[in-house]
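Structure at a glance
The residues making up each chain are set out below.
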Amino acid sequence: MSHETLDAAAASLPAEAIDAVERAATSAHRHEELFSERAANIRQSAVRDVFDISLRPGLVSLAGGSPYLQSLPLDRLAETAARIIADDGLTALQYGAGQGTEELRTQICAVMAAEGITDAQPENVVITAGSQSAQDVATKLFCNPGDVVLVEDPTYVGALNTFEAYQVQVETVPMDQSGLVPELLEARIAALQLAGKSIKFLYTIPSFNNPSGITLSAERRQQIVEICRKANILIIEDNPYGLLRFDGEPLAPLRADNPDDVIYMGSFSKIFAPGLRIGWALVPAHLQRRYYLAAEAVTLCPPALNQMLVSAYLRDFDWQGQIRTYRSLYAERCRAMLSALEEYMPEGATWTSPEGGFFVWVTLPEGVDTYPLLHKAIDAGVVFIPGAAFTPSDEPSNKLRLAFSAVPPDAIREGVRRLAPVLQEALAAR
């Protein structure tokens, strides 16, 4: 019985029957002994758990970091997709180049120029199945079991899942309101090297970090690169939200002036459509061949139809105008969330004020564990992501992530209103 079927039956089955079905469904099969050691580290993420729950009718989901696709010109995109298949179907539906089409790689260089990377060459771009695939390729390529990967605390849960699957040691570096703290990064590197650890790369989301919404300040960016260069540590820069700054120009990525030290990962998931699963890695020229071959070994080739649709979107549509629309829309929703938090949150709660992206990070006083509050919040009609999902630590977390990107302002306010009493009760019970 699937979890979906079990959920549907839960209203009519007694608790002990549900438990019996669960035990039967998850009991050890003889094939369990065939799993690799790394399989023990492959787990369903808390975000996926909550995403499934958030689809239930009546809930206000402040959980999913999804773009607001309703603002896209869907009718015109449908016509474009149909025309691609009608006119170029034999190419669109066939195997393609393992590195991706030259047209899209050239267009991606123009997208990165809008982000502040002006020296990218198409031959150093590798098309991937979203930036999630780009992370996987980098980890497989550089990390042996037991190697160290440095991450911000907190960081993207999908990256943590990838690193754990490859049996690496994930070490966190604290952030403050200006992002990753250079002095603490330097100290963590020194301590790990003194312990004989092999540190392969720093994984960072410098602009509108997922989950915290914090941005690494312009003043710190080059300092972070210099620290890693001195220690011979690569930087994996994940920048899916960089163009979604509410006001002003995007901050120059770490990659902008450091072509040999940074693998830059981008994605169309936040600025166009996540369902197409098209992302990319801009790889230093001396690493490109190995990276491309590792990517090809996973996907053989990225989907030609999806690439051609993205190319048509970049070529024939006002994609920069759409980004301006997104920036205005997400800024409005962020303001709605910050206003609702100010109105409803109990005393003692604090939160970040992002300059772009999709997320606000709420911190409760010490002694509150947000994970068990999730079920109470669901009963109250709202969903969030507990902070424990975004750290490799097994310790309880007093933090939680709220996403505003896919929720209208009135629903954001209502969701925060429903959440506040749950948090107030937890604070009172400390």
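Structure: see above.
The rules behind the values
- Residues numbered from 1 in each chain as written.
- Predicted model: local features only at pLDDT ≥ 70, side-chain atom pairs only at ≥ 80, totals over all residues.
- Heavy atoms only, no water.
- Salt bridge = Lys/Arg side-chain N within 4 Å of Asp/Glu carboxyl O.
- Helix = DSSP H or I, 4+ residues; strand = E, 2+ residues; numbered from the N terminus.
- Pairing = 2+ DSSP bridges.
- Contact = heavy atoms within 4.5 Å.
- Axes fitted to C-alpha atoms, helices over the stretch in contact; angles between N-to-C directions.
- Buried < 20%, exposed > 50% of the residue type's maximum accessible area, 1.4 Å probe, protein only.
- Core = buried A, V, L, I, M, F, W, Y, C linked by side-chain atoms within 4.5 Å.

A word on the pattern of salt bridges. Applying the stated criterion to the full structure yields 13 salt bridges. Salt-bridge contacts for Glu-355 lead to Arg-245; the nearest nitrogen and oxygen are separated by 3.0 Å. Within this pair, whereas Glu-355 is found in the loop between β10 (350-351) and β11 (359-363), its partner Arg-245 is found in the loop between β7 (234-238) and β8 (262-267), the two being separated by 110 residues in sequence. In this structure, Glu-414 engages Arg-418 in a salt bridge whose closest nitrogen and oxygen atoms are separated by 2.9 Å. In this pair, Glu-414 and Arg-418 are both assigned in helix α14 (residues 409-428), four residues apart and thus about one turn of the helix distant. A single salt-bridge network, built from bridges that share partners, covers Glu-103, Arg-315 and Asp-316.

What follows is about the sheet that holds strand β13 (residues 385-386). Strand order across the open sheet formed by four strands is β10-β11-β14-β13, with antiparallel pairing between neighbours. Where the open sheet ends on each side, the last strands, each with one partner, are β10 and β13. When β11 meets strand β14 (residues 399-403), the two strands line up antiparallel, connected through five bridges. By the bridge assignment for β14, Thr-363 is matched with Lys-399. Of the strands in this sheet, β10, β11 and β14 are in contact with helix α12 (residues 319-344), which crosses β11 at around 20°.

Another point: helix α7 (residues 157-165). Counting buried residues in α7 gives eight out of nine residues, a clear majority hidden from the surface. Among all positions of α7, only Val-157, Gly-158, Ala-159, Leu-160, Thr-162, Phe-163, Glu-164 and Ala-165 are buried. Remark: Gln-167 follows α7 within two positions and exhibits a positive phi of approximately 60°.

A few words now on the sheet that holds strand β2 (residues 125-128). An order of β2-β9-β8-β7-β6-β3-β4-β5 is seen for the eight strands of this open sheet, with the pairing classed as mixed. The sheet is open, and its two edges are formed by β2 and β5 (179-180), each paired on a single side. Bridge count for strand β6 (residues 199-204) against β7 is four bridges, and the pairing is parallel. Along β7, the bridge assignment pairs Tyr-203 with Ile-236. The sheet strands contacting helix α5 (residues 102-115) are β2, β8 and β9 (279-282), and the helix crosses β2 at an angle near 100°.

Let's shift gears to the nonpolar core. Most often, soluble globular proteins have nonpolar side chains that are buried together. Judged by nonpolar contacts, the single largest core of 82 residues is most densely connected at Leu-62, Met-112, Phe-268, Phe-272, Trp-280, Tyr-330 and Leu-402. If one sorts the elements of this core by residue count, α12 sits on top with 10 residues. Grouped together as the second largest cluster of nonpolar side chains are 28 residues, Val-151, Tyr-166, Ile-263 and Met-265 included.

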